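# Close look at the chain arrangement
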There are 4 protein chains.
Amino acid sequence: MFNFKNDYSEGCHPRILDALTRTNLEQTVGYGLDEHCANAANLIKKAVGCETAHVHFLVGGTQTNMTAISAFLRPHHCVLAAATGHVNVHETGAIEATGHKVVTRPTPDGKLTAALIQDMVDEHTDEHMVKPGLVYISQSTELGTVYTKGELESIHACCQKNGLLLYIDGARLACALTSDVCDVTLTDLPNLCDAFYIGGTKNGMLFGEALVIVNDTLKEEFRFFIKQRGGMLAKGRLLGIQFEEQFRDSLYLELGRHANAMAQRLQVGLEAKGYPLLQRSPTNLVFPILTPEQYECFSSIALFELWSTLPDDRKVIRLVTSWATKQEAVDSFLSQL
Amino acid sequence: MFNFKNDYSEGCHPRILDALTRTNLEQTVGYGLDEHCANAANLIKKAVGCETAHVHFLVGGTQTNMTAISAFLRPHHCVLAAATGHVNVHETGAIEATGHKVVTRPTPDGKLTAALIQDMVDEHTDEHMVKPGLVYISQSTELGTVYTKGELESIHACCQKNGLLLYIDGARLACALTSDVCDVTLTDLPNLCDAFYIGGTKNGMLFGEALVIVNDTLKEEFRFFIKQRGGMLAKGRLLGIQFEEQFRDSLYLELGRHANAMAQRLQVGLEAKGYPLLQRSPTNLVFPILTPEQYECFSSIALFELWSTLPDDRKVIRLVTSWATKQEAVDSFLSQL
Amino acid sequence: MFNFKNDYSEGCHPRILDALTRTNLEQTVGYGLDEHCANAANLIKKAVGCETAHVHFLVGGTQTNMTAISAFLRPHHCVLAAATGHVNVHETGAIEATGHKVVTRPTPDGKLTAALIQDMVDEHTDEHMVKPGLVYISQSTELGTVYTKGELESIHACCQKNGLLLYIDGARLACALTSDVCDVTLTDLPNLCDAFYIGGTKNGMLFGEALVIVNDTLKEEFRFFIKQRGGMLAKGRLLGIQFEEQFRDSLYLELGRHANAMAQRLQVGLEAKGYPLLQRSPTNLVFPILTPEQYECFSSIALFELWSTLPDDRKVIRLVTSWATKQEAVDSFLSQL
Amino acid sequence: MFNFKNDYSEGCHPRILDALTRTNLEQTVGYGLDEHCANAANLIKKAVGCETAHVHFLVGGTQTNMTAISAFLRPHHCVLAAATGHVNVHETGAIEATGHKVVTRPTPDGKLTAALIQDMVDEHTDEHMVKPGLVYISQSTELGTVYTKGELESIHACCQKNGLLLYIDGARLACALTSDVCDVTLTDLPNLCDAFYIGGTKNGMLFGEALVIVNDTLKEEFRFFIKQRGGMLAKGRLLGIQFEEQFRDSLYLELGRHANAMAQRLQVGLEAKGYPLLQRSPTNLVFPILTPEQYECFSSIALFELWSTLPDDRKVIRLVTSWATKQEAVDSFLSQL
């Protein structure tokens with residue numbers, strides 16, 4: 001059975017496992033105050049080119065989004081997001097559970113635009129409505145698309161004009177940054193938003209996300225929020241050790257590049273075999289459209305997610321590749337279709 | 001430098017690391033729906049002698065307490081706890097952040113009693129006050145003490161009489177159950193409370209707590225709460241694999257027994273040298289009382305927590321042993337005092 | 001200046017003021033436990049034909065919605081509503097502030113349907129998404145439309161099939177029930193939903209809404225939630241006295257009928273003068289569409305709300321009549337257009 | 001039956017009823033944006049001698065406390081209060097329901113001190129604990145005691161030193177300020193705290209509290225919080241009209257002075273008859289201690305609250321006077337004991 005279900009089906013990259021094994025019996029202080037975390041934070045600050053950023057390590061994406069967003073907002077603030085945004089759809093109302101409405105707009109490609117943001121802002125006119133406080137975008141998006149630098153600049157300018165924070169969910173940041181169509185680099189990010197996170201869970205780590213807070217006004221006392229929301233790992237060093245390994249050289253981006261390459265190979269192969277796509281994906285998520293018969297065939301040899309069913313009964317499926325996807329698996333899968 | 005700061009200074013027990021390494025490249029579904037989690041849950045249900053229990057795996061203690069307690073209560077309910085209870089003091093108001101007051105009583109030894117619970121219940125008379133909904137106790141407590149079976153039965157009866165849920169925080173359950181003074185076994189627990197958790201982080205795992213829900217009315221749709229509070233681990237199998245290793249034989253209790261043995265050796269040694277104790281601890285937390293000079297001496301050779309300062313300026317410190325504490329370290333430390 | 005801004009521009013109906021004056025120096029117990037509240041609750045139970053209902057009096061609509069909905073739901077539940085629903089748009093995220101997401105669908109007329117509800121339910125498939133728990137509808141709606149008995153039965157059946165509670169916001173219930181197109185009566189309501197509120201603020205009272213809880217499982221300990229959410233009025237009798245006056249005869253419905261009659265007179269008059277309508281309203285909200293010049297003219301002689309601006313730059317305005325609107329004012333206003 | 005149960009047993013002072021009657025059919029805009037509210041706010045700003053203050057009108061005390069405190073704090077902040085503080089005991093966990101822990105100290109007289117505050121601050125040392133954010137005190141307290149100007153200055157200085165906001169619950173502010181032992185005036189208050197409220201419900205109004213925000217950093221966008229917490233009254237002018245009447249001359253203080261005078265007459269009379277007091281009260285709450293026989297006698301002729309039962313079985317009761325208490329009632333009651 002081929003597995004294209006997601007990018008977190010395995011444990012971790014061997015180098016990361018080695019690092020965890022090597023350090024296993026070291027004694028460190030808890031809660032992320034150890035030297036591995038300090039070192040990883042420094043490596044990340046260097047990688048993003050922002051020495052003044054604050055870097056915090058959390059275990060998972062929903063936890064990171066919920067903790068950061070609820071810490072950044074006041075009670076009357078809402079979040080603006082694409083309707084497909086992870087915080088809107090797939091986090092069981094975690095943001096609302098901290099008291100904040102998520103206001104959305106439908107988008108064809110999972111990407112917000114300055115115009116959509118402005119439209120949502122303009123709709124909120126007085127104290128009988130929530131006040132837009134923060135824009136949430138995903139890079140890459142839940143549909144595999146990526147924002148270009150120009151798009152991010154435009155969104156960021158719109159946010160600044162309207163007094164909105166801009167927060168980037170980087171669960172799949174490695175795939176975004178190494179995508180052929182993306183001209184954004186790690187060092188651009190601090191100039192383009194107020195906070196973002198560098199996703200590890202979906203990029204070869206056992207778990208772990210590195211939240212990078214750029215805006216000075218958001219930095220203060222952030223560790224209280226991590227603890228209050230249940231995200232402070234006792235053996236916090238596990239996060240530091242894993243990110244150290246990712247950022248002591250270019251491993252982080254390499255893993256994303258590999259996932260993309262496998263997805264592109266898969267996408268090209270599917271197209272060559274005549275499968276239409278929901279849209280060409282520049283990253284590690286591929287969305288072919290299948291007839292019911294094709295769907296049955298695919299299901300018999302591979303694991304994947306059903307994305308949606310079209311009015312004509314065809315199925316859009318989502319195929320995901322990762323750092324761990326082998327080229328032989330892609331080729332063998334294609335050959336069996 | 002000796003390290004008696006806590007029981008989570010190292011990574012994990014070698015057998016657990018082996019299990020993680022061995023399974024690293026297995027492909028599994030995410031979010032705890034894999035076979036390792038299913039197997040671990042079965043082992044735990046067998047170990048606690050309750051086939052109908054629901055077992056959920058979470059990453060840490062605060063997360064487990066917050067998720068479970070907020071899921072179990074309605075909005076007007078409060079939690080009853082000892083003033084020293086972890087949820088009251090050391091979780092940055094996580095319970096309150098989910099909307100629930102924690103009502104407490106001071107206790108000399110960190111242990112609630114049926115009388116104290118009844119007193120708190122009696123004080124809450126009408127709708128102008130919160131309504132007691134759940135009793136929180138820790139086994140072992142934050143002061144290293146343990147509840148006997150008779151004490152738990154008495155508390156449980158009081159809870160049932162007053163319509164209260166009883167929840168046991170088992171962050172250090174292994175040490176409690178293997179303590180010389182404790183007559184409670186794993187199989188007793190399902191009969192003595194509505195839910196409890198089996199702590200892994202402080203007993204040799206990288207991270208992980210196993211929540212065991214016994215009361216049928218609390219079981220429904222619990223996975224929604226785990227996700228909503230940010231506790232659903234993408235690679236949930238990591239929790240299953242670790243608990244499988246702990247419960248496929250008696251490793252879980254052995255690690256607690258070792259921690260206790262080291263603490264007792266330390267405690268006896270300190271007494272022999274004339275250091276008074278806050279109270280004799282039957283588990284892995286030891287609380288000697290030091291003069292300022294002694295405190296300085298201890299500080300120069302070991303890491304530990306300052307617990308409190310007495311009116312006469314003496315210091316109570318907390319020394320913690322763990323599965324990883326070596327007997328030679330205890331002996332060498334004692335010899336240097 | 002004519003005033004068609006809303007239905008709460010004046011104090012209260014003279015009979016209600018009389019009742020408040022007459023009882024002013026009576027001494028009663030506080031918090032709604034007095035005899036006026038008991039009597040008013042009995043009158044309402046009789047009026048709705050449900051002796052087993054629980055009736056609670058609250059001060060305003062947002063407070064009532066927030067208190068009831070947060071009391072009825074568990075943390076993972078969301079509310080299903082029309083996009084124009086008051087809880088979604090005009091309550092500053094009060095529902096979300098209690099932790100619950102509001103999931104919506106756009107509707108042309110402000111009315112949900114069983115099909116729209118089913119669609120929202122079907123979209124929520126697992127624990128990564130919120131779980132639909134309650135359907136919120138307004139009778140009459142924010143667009144002045146009303147649900148017929150058949151429509152409510154269909155919605156109610158859909159709710160019961162899907163395990164959803166049905167809650168009716170009756171801020172303008174008097175206008176709905178006395179509308180020409182509405183075949184629903186007060187005594188129908190307990191059979192058609194789990195809870196509803198009878199709006200007083202917009203129907204001639206200084207303030208006050210009567211929440212009627214029909215579903216037994218929602219009744220318990222409700223006064224705790226009123227107090228916790230800040231809605232328990234110390235001099236609760238003020239609510240009882242006002243509702244007593246409304247329900248000791250048919251005043252409540254008469255006031256709604258008058259508001260409707262004035263709106264219909266206004267609507268017919270506007271149509272006669274050639275103003276197009278957003279849609280014919282059967283209740284006390286009228287939505288004419290104005291050219292910019294007409295808008296300026298209207299603005300110079302009357303107060304009202306701008307509802308929306310159409311792509312062709314015409315303005316939809318909202319004209320509201322009430323128990324206090326005088327026929328002469330309507331006629332005089334029409335004559336000046 | 002005499003009624004000493006509370007200070008909100010009647011409707012409102014005749015002058016206030018007159019004002020409401022006189023203005024009943026005026027048409028105004030809603031939500032407190034009318035001229036009566038503007039005028040009342042100006043009168044209050046003049047009365048407290050602070051033109052830059054922001055004044056908001058809310059319906060009740062719990063609502064005011066909950067709305068203000070949750071607006072002023074960030075999520076990790078706790079409230080510091082006396083154990084007897086209204087927010088801690090008698091608001092059904094309203095503060096916790098907005099996410100904030102209330103940390104308390106027992107006090108003999110219901111009054112916090114700078115030393116107690118400092119002690120609570122010192123106990124909270126790191127991010128594993130909530131962070132003290134705001135001190136809550138009541139003037140007069142729940143035990144009828146009052147803070148002197150010196151005491152408030154000392155508390156305020158302690159707050160400023162520790163970065164804490166100081167909030168004064170003035171539910172019974174009129175009685176506090178007109179007490180013989182109190183040297184604080186209305187114009188002192190803006191210099192002594194960050195925000196306070198002027199209680200109307202317990203001082204002759206149908207309902208209503210005037211929140212006065214002094215600290216500039218707390219003023220912004222406050223109306224959003226009033227709406228979100230359900231406290232925005234549609235016919236907001238009712239609050240303005242009542243406060244206008246209270247502050248267009250000295251009515252507000254006169255009503256408090258009368259309540260105090262009646263309480264003092266009662267207290268002196270009880271002492272003369274040999275009843276011991278819990279403590280001498282300088283305001284409108286009197287706490288005699290009764291034997292079981294005396295308690296039965298009192299209960300047969302008057303309504304009041306049982307405050308507590310002493311170990312020797314004697315009962316402490318609370319007798320409350322108000323603006324509406326008649327001297328003849330006090331004298332007649334005393335004569336029947």
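The rules behind the values
- Residues numbered from 1 in each chain as written.
- Chains lettered and ligands numbered in written order.
- Predicted model: local features only at pLDDT ≥ 70, side-chain atom pairs only at ≥ 80, totals over all residues.
- Heavy atoms only, no water.
- Helix = DSSP H or I, 4+ residues; strand = E, 2+ residues; numbered from the N terminus.
- Rg over C-alpha atoms; globule rule 2.2 N^0.38 Å.
- Buried < 20%, exposed > 50% of the residue type's maximum accessible area, 1.4 Å probe, protein only.
- Areas by Shrake-Rupley, 256 points an atom, 1.4 Å probe, with all protein chains shown as cover.
- Least-squares fit on C-alpha atoms with pLDDT ≥ 70 in both.
- Pairing = 2+ DSSP bridges.
- Axes fitted to C-alpha atoms, helices over the stretch in contact; angles between N-to-C directions.
- Contact = heavy atoms within 4.5 Å.
- Buried area = accessible area lost by both parts, 1.4 Å probe.
- Salt bridge = Lys/Arg side-chain N within 4 Å of Asp/Glu carboxyl O.
- Polar contact = N/O pair within 3.5 Å; in protein donor to acceptor, adjacent residues only side chain to side chain.
- Phe/Tyr/Trp six-rings, centres within 6.5 Å; stacked < 30°, edge-to-face > 60°.
- Lys NZ or Arg CZ within 6 Å of the ring centre and 35° of its normal.
- Parallel < 35°, antiparallel > 145°, perpendicular 65-115°, else oblique.
- Left-handed = near helix turned anticlockwise from the far one by under 90°.
- Lys, Arg positive; Asp, Glu negative; His and termini not counted.
- pLDDT = per-residue confidence, 0-100.

### A word on the overall build of chain A
Summing up its helical and strand segments, chain A has 14 helices and 13 strands in all. Taken over the C-alpha trace, chain A has a radius of gyration of 20 Å; the compact-globule value for 337 residues is 20 Å, and the two agree within 12%. Based on the C-alpha atoms only, the size of chain A along its principal axes is roughly 55 × 55 × 35 Å. For chain A, with 337 residues in total, the buried portion stands at 67%. For chain A, the accessible area works out to roughly 11,100 Å², and carbon and sulfur atoms hold 51% of it.

### Some thoughts on the relation of the copies chain A and chain B
Turning chain A through 180° and shifting it by 0.0 Å along the axis lays it on chain B, with an RMSD of 0.0 Å. In short, the pair behaves as if placed about a two-fold rotation axis.

### Some points on the sheet that holds strand β2 (residues 54-58) of chain A
The strands making up a sheet associate through backbone hydrogen bonding, with each pair oriented either parallel or antiparallel. Residues and elements named next belong to chain A. With mixed pairing, 7 strands are arranged side by side in an open sheet as β2-β8-β7-β6-β5-β3-β4. Of all strands in the sheet, those with a lone pairing partner are β2 and β4 (102-105), marking the two edges. Adjacent strand axes in the sheet meet at a mean angle of 25°, parallel and antiparallel pairs treated alike. In this structure, strand β3 (residues 77-82) lies alongside β4, joined through 4 bridges in parallel fashion. Within β4, the position partnered with A82 by the bridge is R105.

### Describing the interface of chain A and chain B
On the side of chain B, 44 residues touch chain A, which itself brings 44 residues to the contact. For the pair chain A and chain B, the two sides together bury roughly 3,900 Å², of which 57% comes from carbon and sulfur. Taken together, the links from chain A to chain B amount to 0 salt bridges. The interface formed by chain A and chain B includes 24 residue pairs in polar contact (both at pLDDT 80 or more). Every element with two or more residues in the side of chain A that touches chain B is listed here: α1 (14-22), α3 (61-72), α5 (94-97), α10 (222-228) and α11 (237-247) of chain A.

### Brief notes about the relation of the copies chain D and chain B
For the pair chain D and chain B, the relating rotation is 180°, the translation along its axis is 0.0 Å, and the fit reaches an RMSD of 0.0 Å. Comparing interface residues between copies, 100% of those in chain D also lie at the interface in chain B; the contact surface is shared.

### Structural notes on the interface of chain D and chain B
Each side of the interface is counted separately: chain D has 16 residues, and chain B has 16 residues. Here chain D and chain B share an interface that buries about 1,300 Å² over both sides, 53% of which is from carbon and sulfur atoms. Looking at the side of chain D facing chain B, the largest losses of area belong to T92(D), E96(D) and K101(D), adding up to 41% of the total buried there. At the junction of chain D and chain B, the tally comes to 2 salt bridges. A salt bridge links E96(B) to K101(D); its shortest N-O distance comes to 2.6 Å. Within the residue set of the side of chain D that touches chain B, elements represented by two or more residues are α4 (86-89) and α5 (94-97) of chain D.

### Some words on the packing of aromatic side chains
Tallying each qualifying case throughout the model produces 57 aromatic pairs over all chains. With centroids separated by 5.1 Å and ring planes inclined at 70°, the aromatic side chains of F287(C) and W307(C) adopt a geometry described as edge-to-face. One end of the pair, F287(C), is in the loop between β9 (285-286) and β10 (289-290); the other, W307(C), is in strand β12 (residues 305-309), with 20 residues separating them in the sequence. For F287(C), a relative accessible area of 0% translates into the label buried. Assessed through its relative accessible area of 31%, W307(C) is described here as partly exposed. For the ring pair Y295(D) and F304(D), a centre distance of 5.9 Å and an interplane angle of 80° mean the geometry is edge-to-face. Ring pairing ties together the aromatic residues F2(A), F4(A), Y275(A), Y295(A), F298(A), F304(A) and F333(A), which thus form one cluster. Here the guanidinium or amino end of K315(A) rests over the ring plane of Y295(A), the centre of that ring lying 5.6 Å away. Taking the ring centre of Y147(D) as reference, the NZ or CZ of K111(D) above it sits at 5.6 Å.

### Quick look at the pairing of strand β2 (residues 54-58) of chain C
Residues and elements named next belong to chain C. Most of β2 is tucked away: 4 of the 5 residues are buried. With 5 bridges joining them, β2 and strand β8 (residues 209-213) adopt antiparallel strand pairing. Within β8, the position partnered with F57 by the bridge is A210.

### Topic: the sheet that holds strand β3 (residues 77-82) of chain C
Residues and elements named next belong to chain C. If you trace the 7 strands from one edge of the open sheet to the other, you get β2-β8-β7-β6-β5-β3-β4, paired in mixed fashion. Across the chains shown, the open sheet's two edge strands, defined by having one partner strand only, are β2 and β4 (102-105). With direction set aside, neighbouring strand axes in the sheet form an average angle of 25°. Note that strand β5 (residues 131-138) and strand β6 (residues 165-169) share 5 bridges and pair parallel. Bridge pairing in β6 links L134 to L165.

### A word on the side chain of T62(C)
Tracing the chain through its elements places T62(C) in helix α3 (residues 61-72). Judged by its relative accessible area of 7%, T62(C) falls in the buried class. Among the polar contacts listed, one links the side chain of T62(C) to the side chain of K227(D), at a separation of 3.1 Å.

### Considerations on the packing of helix α6 (residues 114-123) of chain A against helix α7 (residues 149-161) of chain A
The packing of two helices is summarised by the inter-axis angle and the distance between the axes. Residues and elements named next belong to chain A. For the pair α6 and α7, the least separation of the axes is 9 Å and the interaxial angle reads 20°. By the angle class used here, α6 and α7 are roughly parallel. Between α6 and α7 lies a crossing of right-handed hand. Residue-level inspection shows A114, I117 and Q118 of α6 in contact with α7, the latter providing S154, I155, C158 and K161.

### Details of unusual backbone geometry
Residues and elements named next belong to chain A. The amide bond that connects Q139 to the next residue, S140, takes the cis arrangement and shows omega of -5°. Even without being a glycine, T92 presents a positive backbone phi close to 50°. By secondary structure assignment, the location of T92 is in the loop between α4 (86-89) and α5. Given the relative accessible area of 0%, T92 is considered buried.

### Some thoughts on the side chain of E10(A)
Counting through the fold element by element, E10(A) comes out in the loop between β1 (2-3) and α1. Among buried Asp, Glu, Lys and Arg side chains, E10(A) stands out as unpaired, with K235(B) the closest opposite charge at 6.2 Å. Not counting residues up to four positions away in its chain, the partners in contact with E10(A) are S322(A), W323(A), A324(A), N24(B), L25(B), E26(B), Q27(B), K235(B) and R237(B).

### Side note on the confidence of the model for chain A
For chain A, mean pLDDT is 97; residues scoring 70 or higher make up 100% of the total. Per the prediction output, this complex has pTM 0.97; the corresponding ipTM is 0.97.

### Comments concerning the environment of H77(C)
Within the fold, H77(C) resides in strand β3. Along the sequence, H77(C) and A40(C) sit 37 residues apart, while their C-alpha atoms lie 33 Å from each other. Dropping the residues within four chain positions of it, H77(C) is found in contact with E221(B), H100(C), K101(C), K131(C), P132(C) and G133(C).

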